[in-house]
Amino acid sequence: QKKEELAAVEDAKREAEKCTENCRAELEATHRDYRERLNEKEQELADKRAKIKCLASDVAAQGAKVLELRSEVDSFQQSTVEMSRSMAEVRAANERKVALLEAEK
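What you see as residue numbers is a count from 1 along each chain, following the sequence as written. Predicted model: local features are reported for residues with pLDDT of at least 70 only, side-chain atom pairs are reported and counted for 80 or more only, and whole-chain, interface and lining totals are derived from all residues. Each side-chain value is worked out from all heavy atoms of the structure, with water and hydrogens disregarded.

Student: Before we go on, may I ask you to explain the overall build of the protein in this structure?
Tutor: When you go through the protein residue by residue, the secondary structure sums to one helix and zero strands. Here the globule rule reads 2.2 Å times residues to the power 0.38, and the radius of gyration is calculated from C-alpha atoms. At 45 Å, the protein has a C-alpha radius of gyration far larger than the 13 Å of a compact globule built from 105 residues. Seen through its C-alpha atoms, the protein measures out along the principal axes to roughly 150 × 15 × 10 Å. Buried means the residue's accessible area, taken with a 1.4 Å probe over protein chains only, is under 20% of the maximum for its type, while exposed means over 50%, and partly exposed covers the values in between. Across the 105 residues that make up the protein, the buried fraction comes to 0%. Surface accessibility of the protein: about 10,000 Å² in total, with carbon and sulfur atoms responsible for 57%. Charged-residue counts in this description rest on Lys and Arg as positive and Asp and Glu as negative, His and the chain ends being excluded. Every charge is mapped onto a representative atom, which is NZ of Lys, CZ of Arg, CG of Asp or CD of Glu. Here the protein holds 21 positive side-chain charges and 24 negative ones, and the gap between their average locations is 3 Å. Helix numbering and strand numbering both begin at the N terminus, where a helix is a DSSP run of H or I of at least 4 residues and a strand a DSSP run of E of at least 2. Per-residue and other accessible areas follow the Shrake-Rupley method at a 1.4 Å probe size, with only the shown protein chains counted as cover for residues.

This is the structure:
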């Protein structure tokens, strides 16, 4: 009976070791899978950060272009105002000349 009990204990011990080894293998496999997924997600995140940097750079460049165009528009408006003023002065001078010519007649 002692031999049978010892044999049963040894069998149980072997079964427990086998179960432990299976559990360890499953845990390692699960750990590898999660590590691989984590690495993929980290790469996706790095790619998205790089894309955001590019987009931010594009936005900054577009903002600079907008400022440049706004400056050109302001400059054009200023020159338009100056031309209008100059034309008004020429018109006033011409009207004075016409008035003087008519007065001489």
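After presenting the structure, the write-up continues.
Student: In this structure, what is going on with the state of the cysteines? I would like to understand it.
Tutor: Covalently bonding the sulfur atom of one cysteine to the sulfur atom of another cysteine gives a disulfide. Pairs of cysteine sulfur atoms within 2.5 Å are what we label disulfides. Summed over the entire model, instances satisfying the criterion amount to zero disulfides. Counting only cysteine sulfurs, cysteine 23 is the nearest neighbor of cysteine 19, a cysteine outside any disulfide, at a range of 4.2 Å.

Student: Sorry if this is basic, but what is going on with the pattern of salt bridges here?
Tutor: Opposite charge on two side chains lets them pair, provided their charged atoms get close. When a carboxyl oxygen of Asp or Glu is within 4 Å of a side-chain nitrogen of Lys or Arg, the pair counts as a salt bridge. Considering all chains together, one arrives at four salt bridges under this definition. With a shortest N-O distance of 3.0 Å, glutamate 21 and arginine 24 are connected by a salt bridge. Note that glutamate 21 and arginine 24 are positioned in helix α1 (residues 2-104) at a spacing of three residues, about one turn of the helix. Using a relative accessible area of 44% as the deciding quantity, one classes glutamate 21 as partly exposed. On the basis of relative accessible area, arginine 24 is assigned to the partly exposed category, the value being 42%. Here lysine 41 makes a salt bridge to glutamate 44, at a shortest N to O gap of 3.9 Å. Of this pair, lysine 41 and glutamate 44 are both found in helix α1, three residues apart, which corresponds to roughly one turn of the helix.

Student: Honestly, the environment of lysine 3 in this entry has me stumped. Any pointers?
Tutor: Mapped onto the fold, lysine 3 is located in helix α1. Along the sequence, lysine 3 and alanine 99 sit 96 residues apart, while their C-alpha atoms lie 141 Å from each other.

Read these as geometric descriptors, not functional statements.
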